[in-house]
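Here are the chains, one letter per residue:
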Amino acid sequence: MVRHNPRRPKTNAGTQMPTLKPLSLMDDPAAKQSPPPYAELFTAPASGQLGFPDRVYLLAAAIFQNNHQQKPASHRLVNYGKQEGSALPKVKEGGMDLAAYELAFNALKYQELLEDILIDSCFYLAQPMPDEQMSLVAVMLYDFQDRKFLPREHRGEELIQEVLDVEDCLHRFKTKLAASLARSRIKHDLLSIDCLLPESLRRNQERAGSLPLYAWVNPLKSSVDEVMEALKRAGFTRAPSVEELRGRSFCTDPHCGDVLVFPAGLRGDLYTTMLPGDHKLIIQEKLCGLGPHAAAHLLSGEGDLLLAGCFSGLSVAHAAGLVAGDDRGDAGGCRVLACVGDSTTQQQEELEGVLAAMGCKNVELIPQDFQTLTGDDARLQRVRVILLTPQCSLSAVSNPLDFILRENGDRGLLPHLSQGSIAQGKLEALVARQTKDLQHAFS
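Basis of the calculations
- Residues numbered from 1 in each chain as written.
- Predicted model: local features only at pLDDT ≥ 70, side-chain atom pairs only at ≥ 80, totals over all residues.
- Heavy atoms only, no water.
- Helix = DSSP H or I, 4+ residues; strand = E, 2+ residues; numbered from the N terminus.
- Buried < 20%, exposed > 50% of the residue type's maximum accessible area, 1.4 Å probe, protein only.
- Contact = heavy atoms within 4.5 Å.
- Areas by Shrake-Rupley, 256 points an atom, 1.4 Å probe, with all protein chains shown as cover.
- Arc of directions from axis to C-beta.
- Pairing = 2+ DSSP bridges.
- Disulfide = S-S within 2.5 Å.
- Core = buried A, V, L, I, M, F, W, Y, C linked by side-chain atoms within 4.5 Å.
- Phe/Tyr/Trp six-rings, centres within 6.5 Å; stacked < 30°, edge-to-face > 60°.
- Lys NZ or Arg CZ within 6 Å of the ring centre and 35° of its normal.
- pLDDT = per-residue confidence, 0-100.
- Axes fitted to C-alpha atoms, helices over the stretch in contact; angles between N-to-C directions.
- Left-handed = near helix turned anticlockwise from the far one by under 90°.
- Nonpolar A, V, L, I, M, F, W, Y, C, P; charged D, E, K, R; others polar.

Engineer: Any chance you could explain the overall build of the protein chain here in plain terms?
Structural biologist: Tallying secondary structure elements over the protein chain gives 16 helices and eleven strands in all. Expressed as a percentage of the 443 residues in the protein chain, the buried residues total 49%. Of the contacts formed within the protein chain by residues at least 6 apart in sequence, a portion of 77% connects residues at least 24 apart. Surface summary for the protein chain: the accessible area is close to 21,500 Å², and the carbon and sulfur share equals 52%.

Engineer: Would you mind showing me how to read the side chain of Thr 273 here?
Structural biologist: Looking at the element boundaries, Thr 273 is found in the loop between helix H10 (267–272) and strand E7 (281–283). For Thr 273, a relative accessible area of 18% gives the class buried. Once residues lying within four places of it in the same chain are set aside, the contact partners of Thr 273 are Leu 231, Ala 234 and Phe 236.

Engineer: Whenever I open this one, helix H11 (residues 287–299) confuses me. Can you help?
Structural biologist: Helical geometry: 3.6 residues make up each α-helical turn, so side chains three or four residues apart lie on a common side. Buried within H11 are the following residues: Cys 288, Gly 289, Gly 291, Pro 292, Ala 295, Ala 296 and Leu 299. Buried positions in H11, seen along its axis, are confined to an arc of 155° and lie on one side of it. Positive phi shows up at Ser 300, right after H11, with a value of about 50°.

Engineer: I keep staring at the pairing of strand E3 (residues 213–217) and nothing clicks. Help me out?
Structural biologist: Of all the five residues making up E3, five are buried; the element is thus mostly covered by neighbouring parts of the structure. In E3, alternate side chains face the same way, and those of Leu 213, Ala 215 and Val 217 on one face and Tyr 214 and Trp 216 on the other are all buried. Both E3 and E7 contribute to a ladder of three bridges, which runs antiparallel. Counted as the bridge partner of Val 217 is Leu 281 from E7.

Engineer: Explanation requested: the state of the cysteines in the structure shown.
Structural biologist: Joining two cysteines, a disulfide is a covalent bond between their sulfur atoms. The tally for this structure, following the rule as stated, stands at zero disulfides. Just so you know, Cys 310 is unpaired, no disulfide at all, and the nearest cysteine sulfur is the one on Cys 392, 7.6 Å from it. In this structure Cys 310 comes out as buried when scored by relative accessible area, which is 15%.

Engineer: In this structure, what is going on with the nonpolar core? I would like to understand it.
Structural biologist: The tendency in soluble globular proteins is for nonpolar side chains to be buried side by side. Counting residues in hydrophobic clusters, the biggest one holds 62 residues, and the most contacted among them are Phe 123, Leu 136, Val 139 and Leu 170. The dominant element in this core, judged by the number of residues it contributes, is helix H2 (residues 94–109), at ten residues. Apart from residues no more than four positions distant in its own chain, Leu 170 is found in contact with Phe 123, Val 137, Met 140, Leu 141, Phe 144 and Leu 177. Among the nonpolar cores identified, the runner-up in size contains 36 residues, and Cys 251, Cys 334, Ala 338 and Val 354 belong to it.

Engineer: For this particular structure, what's the right way to read the pairing of strand E11 (residues 383–389)?
Structural biologist: Regular strands place side chains that alternate from one sheet face to the opposite one. Of all seven residues in E11, five are buried, a share of seventy percent or more. Judged from the six bridges that link them, strand E8 (residues 304–309) and E11 form a sheet pairing that is parallel. Bridge assignment links Leu 305 to a residue of E11, and that residue is Val 385.

Engineer: Can you help me understand unusual backbone geometry in this one?
Structural biologist: Excluding glycine, a negative phi dihedral is what most residues carry, and trans is how most peptide bonds are arranged. Non-glycine residue Phe 149 carries a positive phi angle of around 60°. Mapped onto the elements of the fold, Phe 149 is located in the loop between helix H5 (134–146) and helix H6 (161–172). Judged by its relative accessible area of 12%, Phe 149 is buried. Phi is positive for Leu 394, which is not a glycine, with a value near 60°.

Engineer: For this particular structure, what's the right way to read the packing of aromatic side chains?
Structural biologist: Aromatic ring pairs are reported here in terms of the distance separating the ring centres and the angle at which the planes meet. As enumerated under the stated definition, the model contains seven aromatic pairs in all. Ring geometry for Tyr 110 and Tyr 142: centres 5.8 Å apart, planes at 15°, overall stacked. Of this pair, Tyr 110 sits in the loop between H2 and helix H3 (111–120) while Tyr 142 sits in helix H5; the two residues are 32 residues apart in sequence, bridging distant segments of the chain. Centroid distance Phe 236 to Phe 262: 6.0 Å. Interplanar angle 80°. Geometry classified as edge-to-face. Here the residue Phe 236 occupies a position in the loop between helix H9 (224–233) and strand E4 (237–238), and Phe 262 occupies one in strand E6 (residues 259–262), the gap between them amounting to 26 residues. In this structure, Phe 236 and Phe 262 share a single accessibility class: buried. Taken together, the ring pairs connect Phe 236, Phe 250 and Phe 262 into an aromatic cluster. The aromatic ring of Phe 236 is capped on one face by Arg 248, whose charged end is 4.3 Å from the ring centroid.

Engineer: What is the right way to look at the confidence of the model for the protein chain in this model?
Structural biologist: If pLDDT is low for a region, its predicted coordinates should not be looked at in detail. Per-residue pLDDT for the protein chain has a mean of 86; in total, 85% of the residues score no lower than 70. In this model, residues 7–49 is a region of pLDDT below 50 whose contacts with residues beyond four sequence positions or in other chains number 88 contacts.

Engineer: Would you mind going over the environment of Pro 415 with me for this structure?
Structural biologist: The topology assignment puts Pro 415 in helix H15 (residues 414–417). Look at Pro 415 and you get partly exposed, because its relative accessible area is 24%. Between the alpha carbons of Pro 415 and Leu 108 there is a distance of 7.1 Å; along the sequence they are 307 residues apart.

Engineer: Help me understand the packing of helix H1 (residues 54–67) against H5, please; the structure alone is not making it clear to me.
Structural biologist: When two helices pack together, their arrangement is given by the angle between their axes and by how far apart the axes lie. Direction vectors running N to C along H1 and H5 enclose 115°, while the axes themselves pass 8 Å from each other. Note that H1 runs across H5; the crossing there is right-handed. Along its contact with H1, which presents Tyr 57, Leu 58, Ala 60, Ala 61, Phe 64 and Gln 65, the element H5 presents Ser 135, Leu 136, Ala 138, Val 139, Met 140 and Asp 143. A per-class count over the contact of H1 with H5 returns nine nonpolar, two polar and one charged.

Here's what the structure looks like:
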């Protein structure tokens, strides 16, 4: 939602509020040499035949524990212990974080099947384990069957005894587990276990794998022409339209002039060009850029943009580059004011790191919730447009998990999305919050 206020009357400053937090990290020359702080999100280890490092399994188990479907006691086949917000173990690499969420989300989607396998194979009875460890069993069992019950190869990463013990139990039972899975597929006449999923989930999975890849050019680091020339030197060819994209090709987006479109599956190829690593070409869903484009058009080079709701550092940086215009991000032109009152200290530090690496000098963070801001706040007197991106159900997003992780979305949606629908109570809460934010934006 974008609110435009072309002629906001000036008022005297009201009550004192916390000052805006300026970004001065660009003065550090080391920032230019550091890898993109968001690159870790694009280099998650693939599941494949090798499995995952032990810490990924532990993190995935904690995520599963916090989000699994809790059944009534009379219908509960497998007990997972207490479901009261288990602390997530820390991982050293961001790619592991993404891999763990993907693994946990897949296990959540097939929770019913995994529990049936554990019961039918007699694993649950023959291998008594603490209830709190069954979440680890569930995520490792999903990965085990996903790699056709082949052993995992260790690649020199840290080994954790708890994970090794569960892995050993699963290996000793692999024949019975595989037989149980086969019986379930025969019983339900399944070509693959994907057929068990709700139609909406299957449709989203199929669509997500075929969608084009979108990336926008950072005007604070390069230009569209410069990036296109670099792509051509790297072996990419320019296609006339999205419909004609084939192989290593790209085209300009018909709606957003700074966005380039690539065929699905070329993310790795783009990173070999170093354009993403140099912060010149930013891979991000197109829908994340539509709001900043509309806001920049309304702003027309005058005043400031207030950003509130759910957004990532990339979205803030995109808005900053668009409103900067010919000022190239200098503080004297249009600014982006971002409300980060709901963010943790770590999230704010990560946001600052992204903005600094992207070359943004016209962004200031407001360490307050949007609802606490008032119209007589002296910091907001140059604001002409409010870009509001509230949390939503993500029902129109083909890969909602990916969106949640990359755009700081509502992770409380995971148990709902894994079942293919959002509970009515959750929808009502989202609508209530959206209504409240809209009313405050227009007040």
